[in-house]
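Okay, here's what each chain looks like letter by letter:
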Amino acid sequence: MKNFKTLLLITLMSGLCLTAQNKDTKKADKEFARFEYVDAAKKFQKLVDKGSGSSYVYGQLAECYYNIFNTVEAERWYAKALESSDDPEMIYKYSEMLKANGKYEESNQQMEKFASMRPSDNRATAFRKNPNYLPKILERGKKFNVQDAGFNSEQSDFGGVMHDGKLYITSGRNDNRKTYGWNEEPYLDIYSFTKNSDGSYGAATLMNDKINTKYHEGLVSFSPDGNTMYFSRESYFEKDFQRDSISKVRYSQLYLFKATKLGADWDTVESLAINSENYSVKNPAVSADGSTLYFSSNMPGGYGNFDIYKAPINEDGTIGEPINLGQKVNTEGQEMFPYMSSNNTLYFSSNGHLGLGGMDVFYTKEIDGKIAPIRNVGIPINSNADDFAFIIDDESEEGFISSNRDGGQGSDDVYAFKKLQPLCDVLIIATVLDDTNREPIGGASVSLYDAEGNKVSTKTTNADGIAEFIVECEQNTELEVTMADYESKKVTVNGSREEEVAVQISLDPIEEIITPEEIVLNPIYFDFDKSNITAQAAFELDKLVQIMNKYPDLVINATSHTDSRGPAPYNQRLSQRRAKSTQQYVISQGIDATRISAEGKGESDLKIKCGSNCTDDEHQQNRRSEFLIVSGGPQSQK
């Protein structure tokens, strides 16, 4: 995977000052500019060995090893370079390498340093919000069974797209190709494998020369009807490249192409209109309905190195205007390898979101036009190495993940997996019903509150009485439902690890709380020795406001009572303050002041006369608010 880069990415990753180049580094710099990192590292090392080391040389050595994912050497040379440099991006990559080598505490120390230097960087803000994220990822448990796919070579193998009984991957196993200086492996080609009835795979078959060329080819994706295949390829094939005027090195981009099925093979390869000689477009992924193409690009206007985009696939097969998926998905780092599953879950790889090291796989969903929280898929899909090209069949819950983790056969390997447990996002499906006839209520307002009582989101139920929310698993939440002519209701939703939680909320008609003498609300609670209106009190008082708006002639006397504990004069004053606060809240909601009076009763009218032997429950029943009907209301209309 790491040998599939572009000029812009390398420029961004080489965050050191190029003015540090000199005649001593000229040969090494030339190899580096050609992406020949193995040879470049050897030449930079020779400079160190003969005493010509510098912050620039150490940094370039680190960059060489970073690009071929030699994490131990990259960590070593980043540390050396940072002895005399405070470049923020170098510090960030140093923290990545420390994390990749399992040095989590040291990695966090470098992330703290990076965050202090770049406080507005999304990577910094995410870390500051959740500095203890690593244990949380590791403690979530293994949700997948991952094993070697059984067909990896000693070279780079990645991808894994099943189509029409065949598996398609990208591989550097073709020894007839020239080697690439990045990692001295052959150029990448696309191969297919036939899946046998026992689940094993046959021999690798090199796709035809309409698809594979002497240049790099990358991942593939198919249209739902199977007649179109999208894939990436170096722009050299189109004779599109840029040449450095000094080093004479040619730089290509990555382009997307589509091929049309002709019989049992592929033909008519076309370059997509979204390609440009100024940026790369790669990692195609077609949505399950065939209407959208997802891909990764470093086109101008993005948030980081590579961002994830989507573009409509028009009826005539052309590709519409690309749309960046936004800053919730894309970071100042790089986001690549998107995959949209059949249940509309977007999976992608990133080194900008909080992960275990290298690139991790993350997932999210788009609901009502908004991106749900980004979640780390967790172990063992993710490791402290690069984990990418995640693809899953939602029906069989099987798929493939590629990685350069330890224990593989080549520099990148394909692993097969089986999903064992749900991922840790919970979809709350709230259904609002009329309690009298059990019919759904459309147009009801449903608000989601987190465990601290903060309102997270508000939605309106559809014609089926349904509103949906995505929450993090094992987090308790509360739903508040309001609807004209119905009594409002709050329901606690206990935290869960299930993928979906169905909640039914039945609403009573508002008249159910009206008696001939009073409006019966749930207890109005005040904080100890306080008279200000709490959120709970406001929720109950809003029911009174709703009724008074429905019956404009209704006049109320709001009374407040205390229990018998404490001095009677004090209780009288406290109850008067509470009654007055209650009255003022109702008036603040638009009810005329002449329609509600306030009266503090203190302990003069106890509901339960239990003297000094009252239980806590009896004291609570005595501490009450009552809303007595003075005149008007439904009774006056009979």
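Our subject is the structure that appears above.
Notes on the structure follow. (Residues numbered from 1 in each chain as written. Predicted model: local features only at pLDDT ≥ 70, side-chain atom pairs only at ≥ 80, totals over all residues. Heavy atoms only, no water.)

## Details of the environment of Arg578
Part 1 of the reasoning: Tracing the chain through its elements places Arg578 in helix α11 (residues 568–588).
Part 2 of the reasoning: Residues Arg578 and Ser531, spaced 47 residues apart in sequence, show a C-alpha to C-alpha distance of 4.6 Å.
Part 3 of the reasoning: Excluding its chain neighbours within four sequence positions, the residues that come into contact with Arg578 are Phe526, Asp527, Asp529, Lys530, Ser531 and Ser560. (Helix = DSSP H or I, 4+ residues; strand = E, 2+ residues; numbered from the N terminus. Contact = heavy atoms within 4.5 Å.)

## Comments concerning the state of the cysteines
Part 1 of the reasoning: This structure, assessed with the given rule, holds 1 disulfide.
Part 2 of the reasoning: Between the sulfur atoms of Cys610 and its disulfide mate Cys614 the distance is 1.6 Å. The chirality of the disulfide connecting Cys610 with Cys614 is right-handed, given an S-S dihedral of about 95°. This pair shows no difference in class: Cys610 is buried, exactly as Cys614 is. (Disulfide = S-S within 2.5 Å. Buried < 20%, exposed > 50% of the residue type's maximum accessible area, 1.4 Å probe, protein only.)

## Some remarks on the layout of surface pockets
Where empty space is left in the structure can be found by rolling a water-sized probe over the atoms.
Part 1 of the reasoning: Looking at the largest pocket, its volume works out to about 1600 Å³.
Part 2 of the reasoning: As for the largest pocket, its lining consists of 48 residues, of which Lys328, Pro373, Ile374, Arg375 and Glu472 are closest to the centre.
Part 3 of the reasoning: The set of elements that each furnish at least two residues to the lining of the largest pocket consists of α8 (122–129), α9 (133–139), β20 (360–367), β21 (370–371), β22 (375–376), β27 (445–449), β28 (455–460) and β29 (466–472).
Part 4 of the reasoning: Per-class residue counts for the lining of the largest pocket are 19 nonpolar, 13 polar and 16 charged.
Part 5 of the reasoning: In this structure, the second largest pocket is lined by 45 residues; those nearest its centre are Met162, Tyr339, Ile391, Ile392 and Asp393.
Part 6 of the reasoning: When residues of the lining of the second largest pocket are traced back to their parent elements, those giving at least two are β1 (144–148), β2 (157–163), β8 (217–222), β14 (281–286), β18 (335–340), β23 (387–393), β24 (398–403) and β25 (413–419). (1 Å grid on protein atoms, 1.4 Å probe; cavity = no way out; pocket = protein on both sides within 12 Å on 5 of 7 lines; lining within 4 Å. Points joined across faces, edges and corners; volume = space filled by probe spheres on them. Nonpolar A, V, L, I, M, F, W, Y, C, P; charged D, E, K, R; others polar.)

## Observations concerning the nonpolar core
In a soluble, globular protein the nonpolar side chains are often hidden away together inside.
Part 1 of the reasoning: Counting residues in hydrophobic clusters, the biggest one holds 46 residues, and the most contacted among them are Phe44, Leu61, Cys64, Trp77 and Tyr78.
Part 2 of the reasoning: The set of elements that each furnish at least two residues to this core consists of α2 (26–33), α3 (37–49), α4 (55–67), α5 (71–81), α6 (88–100), α7 (104–117), α8 and α9.
Part 3 of the reasoning: Not counting residues within four places of it along the chain, the set of residues in contact with Cys64 comprises Phe32, Tyr37, Ala40, Ala41 and Phe44.
Part 4 of the reasoning: In terms of nonpolar packing, the next biggest core, distinct from the first, is built from 27 residues, Val161, Val220, Tyr363 and Ile392 among them. (Core = buried A, V, L, I, M, F, W, Y, C linked by side-chain atoms within 4.5 Å.)

## Digging into the pattern of salt bridges
Part 1 of the reasoning: Across all of its chains, the model carries 27 salt bridges by this definition.
Part 2 of the reasoning: Two residues, Glu89 and Arg123, come together in a salt bridge whose shortest N-O distance is 2.6 Å. Within this pair, whereas Glu89 is found in helix α6, its partner Arg123 is found in helix α8, the two being separated by 34 residues in sequence.
Part 3 of the reasoning: Among the salt bridges present, the one from Asp435 reaches Arg438, with a minimum N-O distance of 3.0 Å.
Part 4 of the reasoning: A residue is classified by how much of its surface remains accessible, and Asp435, at 36% relative accessible area, is partly exposed.
Part 5 of the reasoning: Three or more residues joined by partner-sharing salt bridges are found here, namely Glu89, Arg118, Asp121 and Arg123. (Salt bridge = Lys/Arg side-chain N within 4 Å of Asp/Glu carboxyl O.)

## Considerations on α7
Part 1 of the reasoning: Spanning 14 residues, α7 covers 20 Å between terminal C-alpha atoms, matching the ideal 20 Å at 1.5 Å per step.
Part 2 of the reasoning: Listing the buried residues of α7 in full gives Ser107, Asn108, Gln110, Met111, Phe114 and Ala115. End-on view of α7: buried residues confined to an arc of 165°, all on one side of the axis. (Expected span 1.5 Å × (residues − 1). Arc of directions from axis to C-beta.)

## Here we look at a positive patch on the surface
Part 1 of the reasoning: A contiguous patch of positive charge on the surface is contributed by Lys178, Lys214, Lys239, Arg243 and Arg250.
Part 2 of the reasoning: Mapped onto the elements of the fold, Arg243 is located in strand β10 (residues 242–243). (Patch = residues over 30% accessible without salt bridge, like charges linked within 9 Å, V, L, I, M, F, W, Y side chains within 5 Å. Areas by Shrake-Rupley, 256 points an atom, 1.4 Å probe, with all protein chains shown as cover. Lys, Arg positive; Asp, Glu negative; His and termini not counted. Charge placed at Lys NZ, Arg CZ, Asp CG, Glu CD.)

## Quick word on α4
An α-helix turns once per 3.6 residues; consequently, residues spaced three or four apart project the same way.
Part 1 of the reasoning: Helix length check: α4, at 13 residues, gives a terminal C-alpha distance of 18 Å against a target of 18 Å (1.5 Å per residue), a fit within 8%.
Part 2 of the reasoning: With 12 of 13 residues buried, α4 lies mostly within the body of the structure.
Part 3 of the reasoning: Considered for burial, the residues of α4 that qualify are Tyr56, Val57, Tyr58, Gly59, Gln60, Leu61, Ala62, Glu63, Cys64, Tyr65, Tyr66 and Asn67.
Part 4 of the reasoning: Backbone geometry just after α4 places Phe69 at a positive phi near 55°.

## Thoughts on the sheet that holds strand β12 (residues 254–262)
Part 1 of the reasoning: Spatially, 4 strands are ordered β8-β9-β12-β13 in an open sheet, and the strand pairing comes out antiparallel. The open sheet has two free edges, formed respectively by β8 and β13 (265–271), since each of these has just one partner strand. Across the sheet, the axes of successive neighbouring strands diverge by a mean angle of 30°, strand direction being ignored.
Part 2 of the reasoning: Judged from the 5 bridges that link them, β12 and β13 form a sheet pairing that is antiparallel. Each bridged residue has a counterpart across the sheet, and for Lys261 the counterpart in β13 is Trp266. (Pairing = 2+ DSSP bridges. Axes fitted to C-alpha atoms, helices over the stretch in contact; angles between N-to-C directions.)

## A few points about empty space enclosed by the protein
Part 1 of the reasoning: Inspection of the entire model under this criterion finds 4 cavities of 30 Å³ or more.
Part 2 of the reasoning: The computed volume of the largest cavity comes to approximately 110 Å³.
Part 3 of the reasoning: In this structure, the largest cavity is lined by 17 residues; those nearest its centre are Tyr92, Lys99, Asn351, His353 and Gly355.
Part 4 of the reasoning: Looking at the lining of the largest cavity, the elements that each hand over two or more residues are α6 and α7.
Part 5 of the reasoning: Top element by residues in the lining of the largest cavity is α6. It accounts for 4 residues.
Part 6 of the reasoning: Taken together, the residues of the lining of the largest cavity sort by class into 4 nonpolar, 9 polar and 4 charged.

## As for the sheet that holds strand β6 (residues 189–194)
Part 1 of the reasoning: In spatial order, the strands read β2-β3-β6-β7; together these 4 strands make up an open sheet with antiparallel pairing. The sheet terminates laterally at β2 and β7 (205–206), the two strands that pair on one side only.
Part 2 of the reasoning: For strand β3 (residues 166–171) and β6, the ladder comprises 6 bridges, and the chain directions are antiparallel. For Leu167, the partnering residue across the bridge sits in β6 and is Phe193.

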